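# Results of the structural survey
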Amino acid sequence: MKKKLNCEQIGALIAFYLDGTLSPKLAKYVQEHIENCEQCQDRYCKEIIIDSYISDDINNSYTTKQYEIFKDKLSEYIDNELDDTENIKMKKITISNPLARQDLEDIYSFKKLLHGAYEKTKNELKTDYSKSVINQLIQNKSYISFYKISALFFIMVASIVAGLIKFLYF
Ligand SMILES: [Zn+2]
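Residues numbered from 1 in each chain as written. Predicted model: local features only at pLDDT ≥ 70, side-chain atom pairs only at ≥ 80, totals over all residues. Heavy atoms only, no water.

Looking only at helices and strands, the protein has 7 helices and 0 strands in total. Put simply, the protein runs from its N terminus to its C terminus through helices and strands in the order α-α-α-α-α-α-α. Counting only residues that meet the buried cut, the protein has 16% of its 170 residues in that class. Long-range contacts, defined as pairs at least 24 residues apart, comprise 57% of the intrachain contacts of the protein with a sequence gap of at least 6. About 14,000 Å² of surface is accessible on the protein, with carbon and sulfur atoms providing 61% of the total. (Helix = DSSP H or I, 4+ residues; strand = E, 2+ residues; numbered from the N terminus. Buried < 20%, exposed > 50% of the residue type's maximum accessible area, 1.4 Å probe, protein only. Contact = heavy atoms within 4.5 Å. Areas by Shrake-Rupley, 256 points an atom, 1.4 Å probe, with all protein chains shown as cover.)

Once that is clear, we can look at the side chain of His-33. Mapped onto the elements, His-33 comes out in helix α2 (residues 24–36). Overall, His-33 belongs to the buried group, its relative accessible area being 17%.

Bound to the zinc ion are the protein donor atoms Cys-7 (SG), His-33 (NE2), Cys-37 (SG) and Cys-40 (SG), situated 2.0 to 2.3 Å from the metal. The coordination sphere of the zinc ion comprises 4 donor atoms, whose angles at the metal cover 93 to 116 degrees; the geometry is tetrahedral. Spacing between the donor residues of the zinc ion along the chain follows C-x25-H-x3-C-x2-C. Of this pair, Cys-7 sits in helix α1 (residues 7–19) while Cys-40 sits in helix α3 (residues 38–63), placing them 33 residues apart in sequence. Using a relative accessible area of 25% as the deciding quantity, one classes Cys-7 as partly exposed. (Donors = N, O, S within 2.8 Å, 3.2 Å for Na, K, Ca; no water. Tetrahedral: all angles 85-135°; square planar, octahedral: opposite > 155°, others 65-115°.)

Right, let's talk about the packing of aromatic side chains for a bit. By the definition in use, this model includes 2 aromatic pairs. Ring geometry for Tyr-17 against Tyr-44: centres 5.9 Å apart, planes inclined by 50 degrees, an arrangement best described as tilted. Taken together, the positions of Tyr-17 in helix α1 and Tyr-44 in helix α3 put the pair 27 residues apart, joining distant regions of the chain. The interplanar angle of 15 degrees and the centroid separation of 6.3 Å between the aromatic rings of Tyr-67 and Phe-70 together place this pair among those described as stacked. (Phe/Tyr/Trp six-rings, centres within 6.5 Å; stacked < 30°, edge-to-face > 60°.)

A few words now on the pattern of salt bridges. Tallied over the full model, the rule gives 3 salt bridges. Salt-bridge contacts for Lys-28 lead to Glu-32; the nearest nitrogen and oxygen are separated by 3.2 Å. Highlighted residues: Lys-28 and Glu-32, both in helix α2, separated by 4 residues, approximately one helical turn. A salt bridge links Lys-71 to Glu-68; the nearest nitrogen and oxygen atoms lie 4.0 Å apart. Of this pair, Lys-71 and Glu-68 both sit in helix α4 (residues 66–78), 3 residues apart, which is roughly one turn of the helix. A relative accessible area of 41% places Lys-71 in the partly exposed class. Looking at Glu-68, the relative accessible area reads 40%, which means it is partly exposed. (Salt bridge = Lys/Arg side-chain N within 4 Å of Asp/Glu carboxyl O.)

Two elements in contact, α4 and helix α5 (residues 84–96), have axes separated by 10 Å at closest approach and are oriented at 120 degrees. In this view, α4 runs oblique relative to α5, as classed from their interaxial angle. The element α4 and its partner α5 pack so that their crossing is left-handed. Counting all contacts with α4, which are made through Gln-66, Phe-70, Lys-73, Leu-74 and Tyr-77, the residues of α5 involved are Glu-86, Asn-87, Met-90, Lys-91, Ile-93, Thr-94 and Ser-96. The residue makeup of the contact of α4 with α5, split by class, is 5 nonpolar, 4 polar and 3 charged. (Axes fitted to C-alpha atoms, helices over the stretch in contact; angles between N-to-C directions. Parallel < 35°, antiparallel > 145°, perpendicular 65-115°, else oblique. Left-handed = near helix turned anticlockwise from the far one by under 90°. Nonpolar A, V, L, I, M, F, W, Y, C, P; charged D, E, K, R; others polar.)

Rendered as structure tokens:
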């Protein structure tokens with residue numbers, strides 16, 4: 001690059017330089033000019049500030065408004081408590097917004113985890129429950145007294161029958 005670029009030309013290239021779309025050779029040339037030229041340094045700084053505002057704006061459009069609505073309604077959406085219009089709105093936000101998509105994925109995997117834990121506890125409880133029921137049955141006094149009463153009743157009936165037989169045949 002023998003031909004020198006003037007400040008105006010450099011200024012026009014700064015935006016591309018910041019985007020990283022210049023060839024390495026040209027980028028190096030612009031960089032060297034900026035480092036050695038106060039006027040272009042100023043312009044470069046301004047461009048950086050504008051650039052950061054723009055990217056902030058893009059980030060904000062993800063985080064504000066729509067995303068706030070999404071976060072507000074997320075639990076209702078997961079639990080199928082929204083009406084059709086709201087459901088469609090939520091779906092649209094999920095498709096267009098990577099943050100919302102991530103949230104949804106997170107909450108679904110969390111739900112899965114929670115469900116797994118719940119099932120596990122339920123199964124453990126079931127085993128425990130049947131065990132404790134058997135234990136209770138074994139130790140239950142009314143259960144035993146039921147047999148006592150049955151045995152007494154059987155003896156009573158047997159003695160009546162025996163008495164009848166005695167009366168009839170002897
Ligand atoms: Zn300059």
